[in-house]
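Spelled out from the first residue to the last, the chains are:
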Amino acid sequence: MKLVNLKQQLHYRPTDQPLVRKNVRLTGHILRRLLLLVVPLLAGLALVFAVIYMLEPHPVLAQTDACFVSVNNSTSTDYSSADAAAVQAAVDAASLGDLLKIAGTCTGVNVTNGITQTVYISKSLTLRGGYTQSDWSQPPDPDTYPTTLDASRNGRVVVLAGSITVTLDSLTITGADYDDHAGGIYNDTSTLTVTNTRVISNIVRMENSDDDEAGEGGGLGNGTGTVFIYNSTFQDNWAQEHGGAINNEDGQVTIDNSELSLNTVLNGDGGGMDTGGSHGTAAVTVTNSIFTGNKVGDDGGAIWTGNEGVATVSHSTFSFNEATDKGGAIICTTEGTLRIDDSAIVNNVARNSGGGLYVSRNTLVYANNSTVSSNQVLTSTETLENGGGGIKIVQNGALTLAHMTIVSNTTPNLSGKDGILVLTGSLTISNSLIAYNGRGLSGAADCRVEGGGIITSSGYNLSSDATCTSLTATGDITNTDPLLGPLADNGGDTLTHALLPGSPAIDAGDPAYLAQADDYDQRGVGYLRVKNDRLDIGAFEFSGIAIYLPVVTK
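Basis of the calculations
Residues numbered from 1 in each chain as written. Predicted model: local features only at pLDDT ≥ 70, side-chain atom pairs only at ≥ 80, totals over all residues. Heavy atoms only, no water. Helix = DSSP H or I, 4+ residues; strand = E, 2+ residues; numbered from the N terminus. Buried < 20%, exposed > 50% of the residue type's maximum accessible area, 1.4 Å probe, protein only. Polar contact = N/O pair within 3.5 Å; in protein donor to acceptor, adjacent residues only side chain to side chain. Contact = heavy atoms within 4.5 Å. Phe/Tyr/Trp six-rings, centres within 6.5 Å; stacked < 30°, edge-to-face > 60°. Lys NZ or Arg CZ within 6 Å of the ring centre and 35° of its normal. Pairing = 2+ DSSP bridges. Disulfide = S-S within 2.5 Å.

Caption draft 1: Structural detail: the side chain of N294. Structurally, N294 is set in the loop between β26 (290-292) and β27 (295-296). Judged by its relative accessible area of 0%, N294 falls in the buried class. A distance of 3.4 Å separates the side chain of N294 from the backbone nitrogen of L262, its partner in a polar contact. Look past the residues within four positions of N294 in its chain and what remains in contact with it is L260, S261, L262, N263, G271, G272, G301, F320, N321 and E322.

Written as structure tokens, this is what we have:
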């Protein structure tokens, strides 16, 4: 095909090209002019609308309520808020004796009478958590519906004012940070019941306060009031001076079926609890409870008790507590009185003396049917004061032991101070077993007496070495292997060392001992204190069956 014909078929017109280029130039010019006009106009309109928007009032989006309160038998929500204001409003409006049912997470603080806290209570009430706001008729279930009062590190959580009666039930009390006395809960003169409640992660300091009780009671501070604690946990609380979990000045405190764990004191005493103020009226009763993992910068990893106060402990376990100075588990001092029954003091550590128990300064301590095992004193500094891996008695402290098992305590860096160290104090002992203390260490010793200390035997004791030279009364056995099982769960609520078949401690206790119908060994109900018509030596009564389950703690 000829080129001219092809061009003709395509309607090719060379003379059209200049016209096209001219039209394109004209169109581009027009578009540029339009853009120069339109863009500033649009920008101006946008600015006008922005100014109008900013000047007009706009509604604030409501926060979602997280804290709810229903009063008494109401089946609806009577108060609600995004913070803890609903609880304080309900408390302020309540009548004496009202039940305030609380659901959700109630966070924040208010200031009342110059005191900063989440809830300020000045009338007799019950605050109970564990509810769901969707159905107030359901019974409380704090595991499924946890209720939290949280001070968010801005003050105390609960303050009780005046002589009132208050119950805190099924709550989590947390987030306190206060520079004075008491962190989580402050009770001065009231009657307080804490039940099914978790008091966790609260702080009390002594930095700017001039109060001599500042920095005491991370979880709970009690003045002269009366406190009942049931089925509750005090955990991970911190005090700068005394009482990581609880500080009891001169009041009455009862603790039952509860746990004090992982609480800390930076400088002073009583990692778990400090009890005994200046008036000599403090009284504490602990039953069926666990003190574990508490730490203290000075004395009494679990409990410090003294100043003429009285403490009673039964069916409880003290384990893995630590003291920087004295009394890995418990110290009783300054004319205090302490009684321990059916309990286990095991695996505690003191840096200088009294790995398990420290008794000093004109105190009276009685321990019965209990085990003191596997406690340690860690110091390597040889002084008269240091030692007593299991028990230390000093400065006219007086300790009476009956039906005790004191086993496998050590001072690995000191020689001959492993089991019981009596220094300027007195020990009276009967029907008790002292064995394996410092076993495998050079100079290991079940007993050591120095500086005028006295051990008096009332008979029927057994020691595994020859260091307990005062055991010369009727029925005493020395330098004899008692044939014990390891520290283990042999039944009951606390750990024990079982007597193995053939143990010389079996049926070797006081033949004149008259057992009562409800008389049991350390393990409690179901484990009679006397089998085969004669008492065994120690805290464990042999039943004829040697079965044990070793565990770390219980």
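Further notes follow.
Caption draft 2: Structural view of the packing of aromatic side chains. Under the definition given, this model contains three aromatic pairs. With centroids separated by 5.8 Å and ring planes inclined at 40 degrees, the aromatic side chains of Y131 and W136 adopt a geometry described as tilted. An identical accessibility class is assigned to Y131 and W136; each is buried. The ring of Y131 has K101 sitting right over it, with the charged end atom 5.8 Å from the ring centre.

Caption draft 3: Up close: the pairing of strand β25 (residues 283-287). Pairing between strand β21 (residues 252-256) and β25: five bridges, direction parallel. From the neighbouring strand, T254 faces β25, where its bridge partner is T285. By the bridge criterion, five bridges tie β25 to strand β29 (residues 310-314) in an arrangement that is parallel. Residue pairing in the sheet places V286 in a bridge with V313 of β29.

Caption draft 4: Highlighting the sheet that holds strand β31 (residues 322-323). Across the sheet, which stays open at both edges, the eight strands sit in the order β11-β15-β19-β23-β27-β31-β35-β39 with parallel pairing between neighbours. On the outer flanks of this sheet lie β11 (177-179) and β39 (376-377), each paired with one strand and no other. Inspection of the sheet shows β27 paired to β31 by two bridges, in the parallel sense. Across the sheet, the residue bridging to V296 is A323, located in β31.

Caption draft 5: Structural view of the state of the cysteines. Under the counting rule described, the total for this entry stands at two disulfides. Two residues, C447 and C468, share a disulfide whose sulfurs are 1.9 Å apart. Residues C447 and C468 share a disulfide whose torsion about the S-S bond is about 80 degrees; that sign makes it right-handed. Taken together, the positions of C447 in strand β46 (residues 447-450) and C468 in the loop between β48 (462-463) and β49 (484-489) put the pair 21 residues apart, joining distant regions of the chain. For C447, a relative accessible area of 6% translates into the label buried. If you count the bonded cysteines of the protein chain from the N-terminus, they pair up as 1-2, 3-4.

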